[in-house]
Amino acid sequence: MKAASVNQSPENKVHIAQTEQFVKQSLAGAEAGHDWWHIHRVYNNAKLILASEKADQLVVELAVLLHDIDDSKFNGGDEEIGPQKAGDFLRSIHVEEKIIRHVQEIIRNMSFRSGLGIVNFHSRELEIVQDADRLDAIGAIGIARAFTYGGFKNREIYNPEIPPAMNMRKEEYKNSSSPSINHFYEKLLLLKDQMNTETGRQIALERHSFMELYLGQFKSEWNGER
């Protein structure tokens, strides 16, 4: 991945390259749905969106690279460990403090889980990073990631006796251990209508349709239908 955009200043390109190497090292051996290749895909999504959106490119790129540096779901629910680690690293490479604070706020507020609580921060950069990340949660890749994470947590693939829990509060969502198929109804199928940018909405429509086709096929096979 060539993380540094051609539009960035030489100094910013160095910051992006340093951050890329830091993230690659930090995520070595990570759960496959939240590893370096997830970051790579989200970065590509962000580039697509940035092509038609006005935003601080450095903030978007740094936030994309660092958004899963220490995901709370792998750290006992600690939602500050990721922003803290990102901030410490960016200060070590002498990124401007206001950029660091913006990146940290994006990391704190971008997840689907965060949106189930009170969100006190907003920026166009947050919207772009959020869309880029959510696009990797739906479609063919989203399906693969859902079952990868479900397997990592030793969850059932599907259990018709356990219905999806809709309209969960933040703590309920964080503590959920429902089957992987339920995750489609509890989150993934909802993302299409939560996109912030026009580019994100257009891409999400196609990926949403693919998930619906998949779920229809899944249910047919589960029920022994042709």
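Check the entry above for the structure.
Residues numbered from 1 in each chain as written. Predicted model: local features only at pLDDT ≥ 70, side-chain atom pairs only at ≥ 80, totals over all residues. Heavy atoms only, no water.

Trainee: Break down the packing of aromatic side chains for me, citing the residues and quoting the values.
Mentor: One pass over the full model with this rule turns up nine aromatic pairs. Considering the side-chain rings of Phe218 and Trp222, the 5.9 Å spacing of their centres and the 20° angle between planes classify their relative orientation as stacked. Here the residue Phe218 and the residue Trp222 both occupy positions in helix 10 (residues 198–222), the gap between them amounting to four residues, near one helical turn. For Trp222, a relative accessible area of 43% puts it in the partly exposed group. (Phe/Tyr/Trp six-rings, centres within 6.5 Å; stacked < 30°, edge-to-face > 60°. Helix = DSSP H or I, 4+ residues; strand = E, 2+ residues; numbered from the N terminus. Buried < 20%, exposed > 50% of the residue type's maximum accessible area, 1.4 Å probe, protein only.)

Trainee: Please give an account of the environment of Met166 that cites residues and values.
Mentor: Along the chain, Met166 turns up in the loop between helix 7 (139–152) and helix 8 (170–174). Taking the C-alpha atoms as reference points, Met166 and Tyr185, 19 residues apart in sequence, are found 7.6 Å from one another. Among all residues touching Met166, those that are not within four sequence positions of it are Tyr185 and Glu186. (Contact = heavy atoms within 4.5 Å.)

Trainee: How would you sum up the nonpolar core? Please name residues and give values.
Mentor: Ranked by internal contacts, the top residues of the largest apolar core, which has 52 residues, are Val23, Leu66, Leu90, Val103 and Phe184. Element by element, the count of residues in this core is highest for helix 3 (residues 57–66), at eight residues. What Val103 contacts, discounting residues up to four positions off in sequence, is Val59, Leu62, Ala63, Leu66 and Leu90. (Core = buried A, V, L, I, M, F, W, Y, C linked by side-chain atoms within 4.5 Å.)

Trainee: Mind laying out the environment of Ala63, listing which residues take part and the relevant values?
Mentor: Residue position: Ala63 is located in helix 3. Distance from Ala63 to Met110, taken between C-alpha atoms, is 9.9 Å for residues 47 residues apart in sequence. With sequence-adjacent residues up to four places away left out, Ala63 is seen in contact with Val103, Ile106 and Val129.

Trainee: Which residues make up the side chain of Asn159, and what values do they have?
Mentor: Tracing the sequence through the fold places Asn159 in the loop between helix 7 and helix 8. Of the polar contacts made by the side chain of Asn159, one reaches the backbone nitrogen of Glu161; its length is 2.9 Å. (Polar contact = N/O pair within 3.5 Å; in protein donor to acceptor, adjacent residues only side chain to side chain.)

Trainee: Hey, could you go over unusual backbone geometry for me, with residue numbers and the actual values?
Mentor: For His94, which is not a glycine, the phi torsion comes out positive at approximately 65°. Relative to the helices and strands, His94 resides in the loop between helix 4 (81–92) and helix 5 (97–109). A positive phi angle is found at Asn154, which is not glycine, with a value near 55°.

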